[in-house]
Every structure is written in C-alpha cells, then in structure tokens.
Amino acid sequence: MANLLQRLFKRNASLENPSTPLNASTLGNFAISSAGVSVNIDNALSVSPIWRAVRILGETIATIPVKIYRQEGNIKTEDRSHPLYYLFNIEPNRLYGAFNFWETVTLHVALHGNSYILIRKNRETAQPRLFEILEPSEIEVVKISPTQLQYRNKKTGQSFTHREVLHFSNTSKNGLI
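Okay, so let's go over this structure.

Quick notes on the rules
Residues numbered from 1 in each chain as written. Predicted model: local features only at pLDDT ≥ 70, side-chain atom pairs only at ≥ 80, totals over all residues. Heavy atoms only, no water. Phe/Tyr/Trp six-rings, centres within 6.5 Å; stacked < 30°, edge-to-face > 60°. Helix = DSSP H or I, 4+ residues; strand = E, 2+ residues; numbered from the N terminus. Buried < 20%, exposed > 50% of the residue type's maximum accessible area, 1.4 Å probe, protein only. Contact = heavy atoms within 4.5 Å. Polar contact = N/O pair within 3.5 Å; in protein donor to acceptor, adjacent residues only side chain to side chain. Expected span 1.5 Å × (residues − 1). Pairing = 2+ DSSP bridges. Axes fitted to C-alpha atoms, helices over the stretch in contact; angles between N-to-C directions.

A word on the packing of aromatic side chains
Then, number 1: Considering all chains together, one arrives at seven aromatic pairs under this definition.
Then, number 2: A ring pair is formed by Phe 88 and Phe 131, whose centres lie 5.1 Å apart and whose planes are at 55°; its orientation type is tilted. Taken together, the residues span a long stretch of sequence, with Phe 88 in helix α5 (residues 83–89) and Phe 131 in strand β4 (residues 128–134) at a distance of 43 residues.
Then, number 3: On the basis of relative accessible area, Phe 88 is assigned to the buried category, the value being 13%.
Then, number 4: Among the residues examined, Phe 131 registers a relative accessible area of 1% and is labelled buried.
Then, number 5: Taken together, the ring pairs in this structure connect Phe 88, Tyr 96, Phe 101, Trp 102, Phe 131 and Phe 168 into an aromatic cluster.

Considerations on the environment of Tyr 151
Then, number 1: Within the secondary structure, Tyr 151 is located in strand β6 (residues 148–153).
Then, number 2: Apart from residues lying up to four places away in sequence, Tyr 151 is in contact with Tyr 116, Ile 139, Glu 140, Val 141, Gln 158, Ser 159, Phe 160, Thr 161, His 162, Val 165 and His 167.
Then, number 3: Within the local environment of Tyr 151, its side chain forms a polar contact with the side chain of His 167, the two groups lying 3.1 Å apart.

Details of helix α6 (residues 98–112)
Since the α-helix advances by 3.6 residues per turn, residues separated by three or four positions end up pointing in the same direction.
Then, number 1: With 15 residues, α6 should cover 21 Å at 1.5 Å per step; its first-to-last C-alpha distance of 20 Å lies within 8% of that length.
Then, number 2: When α6 is considered as a whole, its buried residues turn out to be Ala 98, Phe 101, Trp 102, Val 105, Thr 106, His 108, Val 109, Ala 110, Leu 111 and His 112.
Then, number 3: The first or second residue beyond α6 is Gly 113, which carries a positive phi of 95°.

Let's talk about the sheet that holds strand β3 (residues 114–121)
Then, number 1: Taken together, three strands build an open sheet; the order of strands is β4-β3-β8 and the sheet is antiparallel. Edge strands, defined here as strands with exactly one partner in the open sheet, are β4 and β8 (165–169). On average, each strand axis in the sheet is tilted by 20° relative to the strand beside it, whichever way the strands run.
Then, number 2: Across five bridges, the pairing between β3 and β8 is antiparallel. Opposite Asn 114, over in β8, you have Ser 169 as the bridge partner.
Then, number 3: Of the strands in this sheet, β3, β4 and β8 touch α6, which is tilted by about 140° from β3.

Take a look at the structure:
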C-alpha cells in the first residue's frame, strides 16, 4: 500500500506534470532530477521555455498601470498626484524603475510562490517613501494572531508587521504562503 501511495504521489508531483507549480517548494522537493541533474530556480531559468514564460508573464504584468483613486462622496476620480501613484508606476526606489520592479515581483511570485515588498516610510510624515523588494527565500511568514501576520528575515533577524509588507502570493493551500 505504501509503495502504491509513493508511486501515485511521485507521478502527480512530477515536474513533467503541467499542473505541478514551478516554485521553490516543488523545485526544492526535486533537488535531483531522474537524470541526476540538480534542479534549482537559477538553472530552471536557463531552460529557454521556462525563462520565456516567466519573462512574458513579468513583462505583461509590468505594463499594467496601478491606478490610485480619491473618493469624495460617491464620486471616485483617479489621483495621479498621490504619492503612492509615483511609487507604484514611476519609481518604487532608486534601484528600479516601475517596469523592472514589477517584472521582478512577478518573477518571485512565479518561481518562489511569494513576493515580499517592504514599505519604507518617511519618519516625519509616516508616508511611504520607497518600496524595497525582499528576497523570498529569506522571509519566514508567521501567523501571530487570527488576523495578523509577521514577516521575519531569516538572514538579518529583522521582523516586519503585516502593515509594513506588501505580500503577493501564488495559489497556496492556506491562502497565505
């Protein structure tokens, strides 16, 4: 019976099965392929169809504008003067323009299953001043209450509240990670 379950699980979780997601957990589970080759995100991206699929997805998402609206009474109008409009659509930080930023966020979601963006705020005004992309493999998500998550950087030991992080996740079993 155990052998039958192992064979069924192995067949359904195979990277040859198109329904198996290509993310850190599946690549981690298949560290050595049946051909004896070590598989990780970096060398998966060296496979042209994987690279092209992720690039098309990232470039497509990166071209979609993020609209910010102001509501006055029952009337909603787009607000291009809002500080978040600039961060989302022009320059999230000094390292990235918006296109490269969203392309990277999409790559993280597609290959790692999650993307984490730290919201850095102005100390005086508490307004967001830049977005910083966090390395998904370094982040641990901890549910600290039924309605709150905490994000811990395993490398630096820093912790961030759910109010400090934009978290984009792929499909998951628990809806969180």
